[in-house]
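Here are the chains, one letter per residue:
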Amino acid sequence: MKKLILIYILTIVVSCKSEGEKETITQVKPITYNNRSLEEIKKSGFIKVSTAYSATSYFLYKGKPMGFEYELMERFAKYLGVKLIISIANDLDNLIPDLQIGKIDLMAYGLAITNERKEKVDFSEAIYLTKQVLVQKKPDNWRSLKWNTLEKSILHNPIDLLGKTVSVRAATSYRERLEHLSSELGGDIYIDTLKGELTTNEIIKLVADGKIKYTVADDNIAKIMASYYPILDISVPVSFAQRIAWATRKNSPELLKELNNWIVKSKKDVDYYVIYNKYFKNKRNFKKRIKSKFYSINSNQISEYDELIKIESQKLGWDWRLVASLIYQESKFDPKAKSWAGASGLMQIMPSTAKELGVVNSDNPMQSIAGGTLYLKTIWGKFKGVKDSLQRQKLTMASYNCGYFHVLDAQRLTDKRGLDKNQWDDNVENIILNLSHKKYFSDPVVKYGYVRGTEPYNYVNQIYDRYQHYKEFINIQ
């Protein structure tokens, strides 16, 4: 049964300046969230999933969304046959509360299964096993120290934490473990509670920078971070192996069952472990990302061509991040990219089109971006009758991919079927798929014949999906 949760926000302002003034009460419209069943999720066509913006879970690198949780979320959404909508948790302490009240359908962030948490949510099958370790910093001159001196400078046993202060977020299994450890050892381990906005990766960096002395982290996260920050010591375990899992609400048994079926099936496939190793064991690639200017956690850049894209996008009147997503789709930001059909450069301009646009060298980034956006502006002008700017953009991009006249054919066929020719979503996009079949491209209203409709269909969808990621990570300025 569908369940609605209403959250009422009440603002009370009290003033005691004079007898004539009264207490003012402002009631804000209730916020409504749906606790959606699996059936409702499938019927809606999307699943809303929360995760963290971190160096291992979900981030942007050289224009491409990446992350362990991200890749698994994508696969699970595909398994369900729905679109993935990602909600980034700005405060990790809100992951479970947001799930409980129905703001999201699924929490896809690796949390340790604990009895305290099991009272609030239902956990999936384990996505992996790990243990908790102490993260501490070696002396700055550790490389030149004698072994005995280095050994004396760091802790070697959990019992050494008695009387020490360890910094962790409040709503974590790390805090729970430290409290239990303190009890087990019969002494006091002091806990410094950090803000929920900080990810485990960021807290580990605070240790490396000397801003806090100790923290606790999952072993796999600590190892990959220590590969870049060798000044860290992560050799002291503070727990036995723990199961790390995703979570659903208590009233979502069908979704939990489907999730568990998918996890069990996926863990029999080598791809699952390839993904895990990519983010937790491939130290070389992790170091490359950390050093890159085009790593969203480090900077507000998508590519080295951002400034050029911003300038030309202004002339077009589009969000530069949307144009950047189109360029990634065309060339993955490789100015030397060539297609089998002869298109070249960042925006994959055909030789004949380049000549019309005055582009002398398509491999030149400045000329390619200027020419490509000018071509988009020309196509955009042909869809003046489309009042919805989003649909107009999508029709323009589809035309950039497969040709304006093929999109025009699809519009005519859409109109003939009684659908909206000015609406790409669920109208023209579906009809253009038919233009690879003779029955449809032979229709009298179709003037330009066959087109492989899956190409513009996927092209537009993939650009907009990537654009959503860009908007999450990259500021517009």
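Notes on the structure follow. Everything numeric here is computed off the predicted structure, so don't read it as measured data.

Thresholds, definitions, all that
- Residues numbered from 1 in each chain as written.
- Predicted model: local features only at pLDDT ≥ 70, side-chain atom pairs only at ≥ 80, totals over all residues.
- Heavy atoms only, no water.
- Phe/Tyr/Trp six-rings, centres within 6.5 Å; stacked < 30°, edge-to-face > 60°.
- Buried < 20%, exposed > 50% of the residue type's maximum accessible area, 1.4 Å probe, protein only.
- Lys NZ or Arg CZ within 6 Å of the ring centre and 35° of its normal.
- Core = buried A, V, L, I, M, F, W, Y, C linked by side-chain atoms within 4.5 Å.
- Contact = heavy atoms within 4.5 Å.
- Salt bridge = Lys/Arg side-chain N within 4 Å of Asp/Glu carboxyl O.
- Pairing = 2+ DSSP bridges.
- Helix = DSSP H or I, 4+ residues; strand = E, 2+ residues; numbered from the N terminus.
- Axes fitted to C-alpha atoms, helices over the stretch in contact; angles between N-to-C directions.
- Expected span 1.5 Å × (residues − 1).
- Polar contact = N/O pair within 3.5 Å; in protein donor to acceptor, adjacent residues only side chain to side chain.
- Parallel < 35°, antiparallel > 145°, perpendicular 65-115°, else oblique.
- Nonpolar A, V, L, I, M, F, W, Y, C, P; charged D, E, K, R; others polar.

So, about the packing of aromatic side chains. Under the defined criterion, the tally for this structure stands at 25 aromatic pairs. For the pair phenylalanine 441 and tyrosine 450, a centre-to-centre distance of 5.8 Å together with 90 degrees between the ring planes defines the contact as edge-to-face. By relative accessible area, phenylalanine 441 is classed as partly exposed at 23%. Assessed through its relative accessible area of 42%, tyrosine 450 is described here as partly exposed. Of the aromatic side chains, those joined through ring pairs into one cluster are Tyr53, Tyr58, Tyr70 and Phe473. The ring centre of tryptophan 320 lies 4.9 Å from the NZ or CZ of lysine 310, which sits over that ring. The ring of tyrosine 404 is capped by lysine 382, whose NZ or CZ atom sits 4.8 Å from the centre of that ring.

With 111 residues, the main nonpolar core has Ile47, Phe68, Trp246, Ile309, Phe333 and Met397 as its most contacted residues. Here phenylalanine 333 is in contact with Lys62, Gly63, Ile302, Ser303, Tyr305, Ile309, Ala324, Ile327, Tyr328, Leu346 and Tyr470, once residues within four sequence places are set aside. Listed in part, the 15 residues of the second largest apolar core include Ile96, Tyr109, Leu111 and Ala245.

Moving on to the pattern of salt bridges. In total, this model carries 20 salt bridges according to the counting rule given. Taken together, the shared-partner salt bridges connect Glu71, Arg75 and Lys278 into one network.

The three strands lie next to each other as β15-β12-β16, forming an open sheet whose pairing is antiparallel. The open sheet has two edge strands, β15 (214-218) and β16 (232-237), and neither has a second partner. Between one strand axis and the next, the sheet turns by 35 degrees as a mean value, whatever way the strands run. Of the strand pairs in this sheet, strand β12 (residues 132-137) and β16 are connected by four bridges, and their pairing is antiparallel. Considered in β16, the bridge of leucine 134 is made with valine 236. Lying on the sheet, helix α6 (residues 173-185) is in contact with β12 and β15; it crosses β15 at an angle near 115 degrees.

Right, let's talk about helix α15 (residues 365-381) for a bit. Over its 17 residues, α15 runs 24 Å from end to end, which matches the ideal 24 Å to within 8%, given 1.5 Å per residue. Of all the residues in α15, the buried ones are Ser368, Ile369, Gly371, Gly372, Thr373, Leu376, Ile379 and Trp380. Those residues of α15 that are buried are in contact with α12 (306-316), α13 (320-331), α14 (351-357) and α16 (389-402). The opening residue of α15, the one whose side-chain oxygen lies 3.0 Å from the backbone nitrogen of methionine 366, is asparagine 364.

A word on the packing of helix α17 (residues 404-416) against helix α18 (residues 424-434). Contact geometry of α17 with α18 gives a least axis separation of 9 Å together with a crossing angle of 110 degrees. By the angle between their directions, the pair α17 and α18 is classed as roughly perpendicular. Taking contact as the criterion, the partners of His406, Val407, Ala410, Gln411, Leu413 and Thr414 in α17 are, on α18, Asn427, Val428, Ile431 and Ile432. Counted by class, the contact of α17 with α18 contains six nonpolar, four polar and no charged residues.

With that out of the way, let us pick up the packing of helix α2 (residues 68-80) against helix α10 (residues 270-280). Following both chains from N to C, one finds α2 and α10 inclined at 155 degrees, their axes separated by 9 Å at the closest point. One way to sum up the angle between α2 and α10 is to call them roughly antiparallel. Contacts between α2 and α10 pair Phe68, Glu71, Leu72 and Arg75 from the former with Tyr272, Ile275, Tyr276, Lys278, Tyr279 and Phe280 from the latter. The class makeup of the residues in the contact of α2 with α10 is seven nonpolar, no polar and three charged.

Attention now goes to unusual backbone geometry. Phi at glutamine 348 is positive, roughly 50 degrees, even though this residue is not glycine. Along the polypeptide, glutamine 348 turns up in the loop between α13 and α14. The class for glutamine 348 is buried, based on a relative accessible area of 11%. Positive phi, close to 65 degrees, is recorded for aspartate 426, a residue that is not glycine. One can find aspartate 426 in helix α18.

A turn of α-helix holds 3.6 residues, and therefore any two residues three or four places apart point the same way. The end-to-end C-alpha distance of α6, which contains 13 residues, comes to 18 Å, matching closely the 18 Å that a straight helix rising 1.5 Å per residue would cover. Buried within α6 we find Ser173, Tyr174, Arg175, Glu176, Arg177, Leu178, Leu181 and Ser182. Positive phi shows up at glycine 186, right after α6, with a value of about 70 degrees.

Let us now look at the pairing of strand β5 (residues 46-51). Summarising the sheet, β5 and strand β8 (residues 83-88) pair through six bridges and their orientation is parallel. Looking at the pairing, isoleucine 47 lines up with leucine 84 of β8. Across two bridges, the pairing between β5 and strand β9 (residues 106-112) is parallel. Directly across from serine 50, in β9, lies its bridge partner methionine 107.

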